[in-house]
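# Chains, contacts and geometry: an overview
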Amino acid sequence: MKENMLTDRERDAQAAIARQVKSLRQGRRWSLDELASRSGVSKGMLVQIEGARTNPSIGTLCRVAESFGVSIGRLLEGEPEPVVKIVGADEPAVLWRGPDGGTGRLLRGVNDPAFVEVWEWRMAPGEAHDSADHTPRTREIIQVRAGALVVTVDGAEHLVRTGETIDFTADRPHGYRNPGPAEAVLMMVVVMPAGEHDRRR
């Protein structure tokens, strides 16, 4: 997504990600080279992220967050967590845009007592998104609220219809595709194990 096409909300998210990545990296006394090695994200891309000069893909954000042992939600935090938080309907930034208008928004991510993310995805007919493997033992639970979805896990396709829910281990390559003629609306919960993930191991 081009810089001038970002909404104010997305620019705020970009700035928050830049601050959090730099703070988490420096808090661990890691160099950019160390973070690049641990995450599998290039040093050049990390420089762009920390400078708030790019809108990183969900895959890139996943790898960076996993290397720190936090959720993507943590990368978007601007303030300390309150006891109660209500997220406005238009507050979550769009972190994925499909070529035909689909969107992926992280509604909420928490880090304590477990790492959990809640997403809303809307995929136009024919749109697809491929994801690399996540931290070992990561699980994804997806409920299709409207339309249909083909979820591919390790090369095997699974058709999920309106009202159905799929639960799978997401520590392997996987992807999502809308095979139908109507928009697919999904609610996704991602549950990740605690701890830093070093992709060199």
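The text that follows walks through the structure, step by step, so that each part is easy to find. (Residues numbered from 1 in each chain as written. Predicted model: local features only at pLDDT ≥ 70, side-chain atom pairs only at ≥ 80, totals over all residues. Heavy atoms only, no water.)

Further remarks concern a nonpolar patch on the surface. Judged by side-chain polarity, Val 83, Val 84 and Ile 86 come together as a nonpolar surface patch covering roughly 410 Å² of accessible area. For Ile 86, the location among the structural elements is in the loop between helix H5 (72–76) and strand S1 (94–97). Since its relative accessible area comes to 75%, Ile 86 is described here as exposed. (Patch = residues over 30% accessible without salt bridge, like charges linked within 9 Å, V, L, I, M, F, W, Y side chains within 5 Å. Areas by Shrake-Rupley, 256 points an atom, 1.4 Å probe, with all protein chains shown as cover. Salt bridge = Lys/Arg side-chain N within 4 Å of Asp/Glu carboxyl O. Helix = DSSP H or I, 4+ residues; strand = E, 2+ residues; numbered from the N terminus. Buried < 20%, exposed > 50% of the residue type's maximum accessible area, 1.4 Å probe, protein only.)

Using the criterion set out here, one finds 19 salt bridges in the structure. For Asp 8, the salt bridge is made with Arg 11, and the minimal N-O distance between the two is 2.8 Å. Here the residue Asp 8 and the residue Arg 11 both occupy positions in helix H1 (residues 8–27), the gap between them amounting to 3 residues, near one helical turn. Classification of Asp 8 as exposed rests on a relative accessible area of 53%. Notably, a salt bridge pairs Glu 66 with Arg 199, separated by 3.1 Å at the nearest N-O pair. One end of the pair, Glu 66, is in helix H4 (residues 58–68); the other, Arg 199, is in the segment after strand S10 (184–192), with 133 residues separating them in the sequence. Within the structure, one salt-bridge network assembled from shared partners comprises Arg 28, Glu 34, Arg 38, Glu 196, Asp 198 and Arg 200.

Moving on, we get to the nonpolar core. Counting residues in each nonpolar core, the largest one holds 41 residues, and the members touching the most others are Leu 75 and Trp 119. Looking at which element gives the most residues to this core, the answer is H4, with 6 residues. Excluding its chain neighbours within four sequence positions, the residues that come into contact with Trp 119 are Ile 58, Ile 72, Leu 95, Gly 104, Arg 105, Leu 106, Leu 107, Leu 186, Met 187, Met 188 and Val 190. (Core = buried A, V, L, I, M, F, W, Y, C linked by side-chain atoms within 4.5 Å. Contact = heavy atoms within 4.5 Å.)

Across the sheet, which stays open at both edges, the 4 strands sit in the order S4-S9-S6-S7 with antiparallel pairing between neighbours. Two strands bound the open sheet, and with one partner strand each, they are strand S4 (128–131) and strand S7 (156–161). On average, each strand axis in the sheet is inclined to that of its neighbour by 15°, with strand direction left out of account. Across 4 bridges, the pairing between S4 and strand S9 (residues 174–177) is antiparallel. In the sheet register, Ser 131 faces S9, and the bridge partner there is His 174. (Pairing = 2+ DSSP bridges. Axes fitted to C-alpha atoms, helices over the stretch in contact; angles between N-to-C directions.)

So, about the sheet that holds strand S5 (residues 139–146). One open sheet accounts for 6 strands, arranged S1-S2-S3-S10-S5-S8; its pairing is antiparallel. Of all strands in the sheet, those bounded by a partner on one side alone are S1 and strand S8 (165–169). Pairs of neighbouring strands in the sheet enclose a mean axial angle of 20°, with direction left out of account.

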